[in-house]
Amino acid sequence: MDFDVDQPAAVLSKSLSLIEKTDLRLHQLDRWQFPTSSSELGRELFLSALASVREPAHLGPMDPVVLYNRLFSLQELAGIIERSSTDRISWPLVRYCDEIWSNFFGENGPKIFYALTPEYNYSILHFSKRLADILRDILPDSAIQALVSNRELYCLQLASSEDENLPLYANIGHEFGHAVFDHHEKAIVSELDAKVGQVLVRVLSDLQAIDATQASRRFRRICQAVLGIGEELFCDLLGALLMGPAFFLSLFEFSWGQARDVWTIRLSPEFQNIRAYPSFGFRLHCISQWAKIEGFRSEASSEAAKSITQKVAELAVGVGTIPVNHNSDVLRVWPASDNDAEPIRDVLNPRLNELKIALGEYLHECDGFVRKWYSTKPFSDVSVYDVAELLLRLERNIPPNIVPDNTLLGKPAEFTAILNASALFRLDLLTGEGSGDGGERLRQTGIVERLTAKAFEATFIQREFNRWAGQ
Amino acid sequence: MIPNAVASTGPYAGLWSHLKSINHALERALAAGSSKELAELDIDRLRALSEFLDGGLSSAPGASGLSTSLVEYSNLTEPDYNAAIDLRSRLAYVPEFDNWLKSSKKGFDTKLQRLIASISNFLSPSGDLLARETPHQEFEILRAIVQSLLSEAETALH
């Protein structure tokens, strides 16, 4: 043993052991525990990647230390597949999600599987792309292409710490927006470019005035940040169109305890990992338009809606108090240790209002695009009357799955109507009388969660039955 | 706690493994002596180095390649580290490059272009049965550049 010579072989040996261990872990997963068959696609893709890495022809030119490092990133993907289990993922929910997904992408488009995340937030991961990115330093491009070609796969990660907060499911519409954005990236980015292009030209000029030697580089980082902001706002638009006021309420809940007037840019050494987000104030302002909050409020205050339940009008008044002001917005750039953070902040802050106007125009165009691309798909407005009927049931601890239609059975409630009724009712509980009594609140919100989950399941089964029975 | 940079999956891990794999390909090319011995992965990693250096040139002030169109920056298939690294000022701290730069009157851009050309010539088909010889001087300088950047990325991993 001579470690001057043997060290790479020892690292390779450790790496190969780790590959075997990961391979074994994934083989041991019970496929019947997967929420949908797409999880199996994720497992197969991952195992194929491991097999490709293990090929002697690929191992030869690989740096064992790079392989060892990349295996730790691969472990994170393996962990996602392991967390794809029916134990805590509701079956009706994923069926609804699959239905929305197939409306967007059809049978031959990218696939999606579902997993839990220990994070508070919901997120979507372009699984096959992430896998390809991790493999780039250890496999030749041709091998990576052979692996992921025609196997495009996403993973929707559901927040396990919020898995008893069903109204936050409204965020799923936003997450699906990322995949739609990827699918139509060229058209959407062209539109973004058309609207914000002039602002960017002025930003470049400002950067050159600060330091001409660094302007080009910093400008490219700003472009990536603007792309990120454009994508987030597009996803909000889709979330609002799909889920209506429930998405507005859900984003509002996410903003609790945080500054609502701060736009953030998080710089990263990797261009594609620069992250940027508009302020909650601006996002809520935009979503309130697309989710038609004003129309919902005014209809909920009508006599017809109040005749079903007064509750709907009371809740609509509450929704009207949600702040959508964004006049005091500022932009922050992180980390401060990055030498580009301060100049980027300094050139963008004075141009924030121009940028917001351009982004508003961009969203109007995106709304047109989305309706054109998915003209036959349902972006129907949430019916206030259906929501009122479901609130009436929730008030009496009855699952909100049926809307009366002058027949004995009534009609199965829409997924979005249930979601909206539940979101409104839950927020009312959290802010209503006795909200300081934790035990009582836990009991009451627990009842709402269970009634909502039951309603999702019952209405889904009833719809499936109606389809089967040819109604 | 004993930090283990190699096991890191943090924000600098991608940059580190990118540079480390390029460094490995350079070492293999130097050891092989000719392009004949290169594997597909080596060729891909050397191309990635060429793109990285090329990006450093396009970030120069007044560079003609700078686009103000967002479309140019979207949907990049390769990871891009150029925007975060000020290559021009970093290379001033790489003695091998700096000495080489000072050895002739040619400027920074010309010298960097020569390094980029050395990679593309080495990787281009030779047109005859003989493989191309490794350009040792240029590749040694390239290796010094990559190792300097790698050393910083490794520190950031901790």
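These figures come from a predicted structure and were not determined experimentally.

1. Re the overall build of chain B
A tally of helices and strands in chain B yields seven helices and zero strands. In chain B, the succession of helices and strands from N to C terminus is α-α-α-α-α-α-α. Along the first, second and third principal axes, the C-alpha atoms of chain B reach 50 × 40 × 35 Å. Expressed as a percentage of its 158 residues, the buried residues of chain B come to 34%.

2. Let's talk about the interface of chain B and chain A
Each side of the interface is counted separately: chain B has 38 residues, and chain A has 45 residues. Going through the elements one at a time, α1 (13-32), α2 (40-58) and α3 (70-73) of chain B are the ones with two or more residues in the side of chain B that touches chain A. Looking at side-chain class alone, the side of chain B that touches chain A contains 20 nonpolar, 11 polar and seven charged residues.

3. Side note on helix α18 (residues 384-395) of chain A
All names here are of chain A. Compared with an ideal rise of 1.5 Å per residue, which puts 12 residues at 16 Å, α18 spans 16 Å between its outermost C-alpha atoms and is within 8% of the ideal. Burial runs high along α18: nine of the 12 residues are buried. Here α18 has its buried residues at V384, D386, V387, A388, E389, L390, L391, R393 and L394. Just downstream of α18, N397 is the residue with a positive phi angle, here 55°.

4. Some points on the pairing of strand β6 (residues 330-334) of chain A
It is a general feature of regular strands that their side chains alternate between the two faces of the sheet. Residue and element names in this part refer to chain A. With burial as the criterion, only one face of β6 is covered, namely that bearing L331 and V333; the residues V330, R332 and W334 on the opposite face remain uncovered. Two elements, strand β4 (residues 262-266) and β6, share five bridges in a ladder whose sense is parallel. Looking at the pairing, W263 lines up with L331 of β6.

5. Looking at the packing of α1 of chain B against helix α7 (residues 136-157) of chain B
All names here are of chain B. Interaxial distance between α1 and α7 falls to 9 Å at its minimum, and their mutual angle equals 155°. Viewed along their axes, α1 and α7 adopt a mutual orientation that is roughly antiparallel. For the element pair α1 and α7, the recorded crossing hand is left-handed. Two secondary-structure elements touch here, α1 through A13, L15, W16, L19, K20, I22, N23, L26, E27, A29 and L30 and α7 through H136, F139, L142, R143, V146, Q147, L149, L150, A153, E154 and L157. Grouping the amino acids of the contact of α1 with α7 by side-chain chemistry returns 15 nonpolar, three polar and four charged.

6. Topic: the sheet that holds β4 of chain A
Sheets are built from strands that pair by backbone hydrogen bonding, the pairs being arranged parallel or antiparallel. All names here are of chain A. Across the sheet, which stays open at both edges, the three strands sit in the order β5-β4-β6 with mixed pairing between neighbours. The sheet is open, and its two borders are formed by β5 (275-277) and β6, each paired with just one other strand. Geometrically, the sheet is characterised by an average inter-axis angle of 15° between neighbouring strands, direction not taken into account. Pairing between β4 and β5: three bridges, direction antiparallel. Across the sheet, I265 pairs through a bridge with A276, a residue of β5. Contacts from helix α16 (residues 341-348) reach β4 and β6 within the one sheet, and its direction differs from that of β6 by about 165°.

7. Some thoughts on unusual backbone geometry
All names here are of chain A. The omega torsion of the bond from W334 to P335 falls at 0°, within 30 degrees of zero and hence cis. Checked against the element boundaries, P335 lands in the loop between β6 and α16. For K292, which is not a glycine, the phi torsion comes out positive at approximately 55°. Positionally, K292 belongs in the loop between α12 (280-290) and α13 (293-300).

8. Structural notes on helix α10 (residues 212-243) of chain A
Residue and element names in this part refer to chain A. Look at α10: 46 Å from first C-alpha to last across 32 residues, which is about the 46 Å you get at 1.5 Å a residue. Taken as a whole, α10 carries its principal kink of about 25° at R218. The buried fraction of α10 amounts to 27 of the 32 residues, a majority that puts the element mostly inside the structure. In the segment just after α10, G244 is the residue with positive phi, at about 65°.

9. A look at the domain arrangement of chain A
With domains assigned, chain A is organised as domain 1 (3-163), domain 2 (183-373) and domain 3 (384-468). Each residue belonging to the side of domain 1 of chain A that touches domain 3 of chain A can be placed in one class, and the counts come to three nonpolar, one polar and one charged.

10. Things to note about the sheet that holds strand β1 (residues 111-117) of chain A
All names here are of chain A. Pairing in this open sheet of three strands is mixed, and the strands run β1-β3-β2 from one edge to the other. Because the sheet does not close on itself, it has two edges, and the strands there are β1 and β2 (123-125). Within this sheet the neighbouring strands show an average axis-to-axis angle of 25°, counted without direction. Here three bridges tie β2 to strand β3 (residues 153-159), and the two strands are oriented antiparallel to one another. Bridge assignment links S123 to a residue of β3, and that residue is Q157. Where helix α6 (residues 127-135) meets the sheet, its contacts fall on β2 and β3, and the angle it forms with β3 comes to roughly 105°.

11. Notes on the environment of A10 of chain A
Structurally, A10 of chain A is set in helix α1 (residues 3-27). With 43 residues separating them along the chain, A10 of chain A and V53 of chain A place their C-alpha atoms 17 Å apart.

The rules behind these values
- Residues numbered from 1 in each chain as written.
- Chains lettered and ligands numbered in written order.
- Predicted model: local features only at pLDDT ≥ 70, side-chain atom pairs only at ≥ 80, totals over all residues.
- Helix = DSSP H or I, 4+ residues; strand = E, 2+ residues; numbered from the N terminus.
- Buried ≥ 20, exposed ≤ 12 C-beta atoms within 10 Å, placed from the backbone.
- Contact = placed C-beta atoms within 7 Å.
- Nonpolar A, V, L, I, M, F, W, Y, C, P; charged D, E, K, R; others polar.
- Expected span 1.5 Å × (residues − 1).
- Pairing = 2+ DSSP bridges.
- Axes fitted to C-alpha atoms, helices over the stretch in contact; angles between N-to-C directions.
- Parallel < 35°, antiparallel > 145°, perpendicular 65-115°, else oblique.
- Left-handed = near helix turned anticlockwise from the far one by under 90°.
- Bend = angle between axes of the 7 residues up to and from the residue.
- Domains from an automatic or database assignment.

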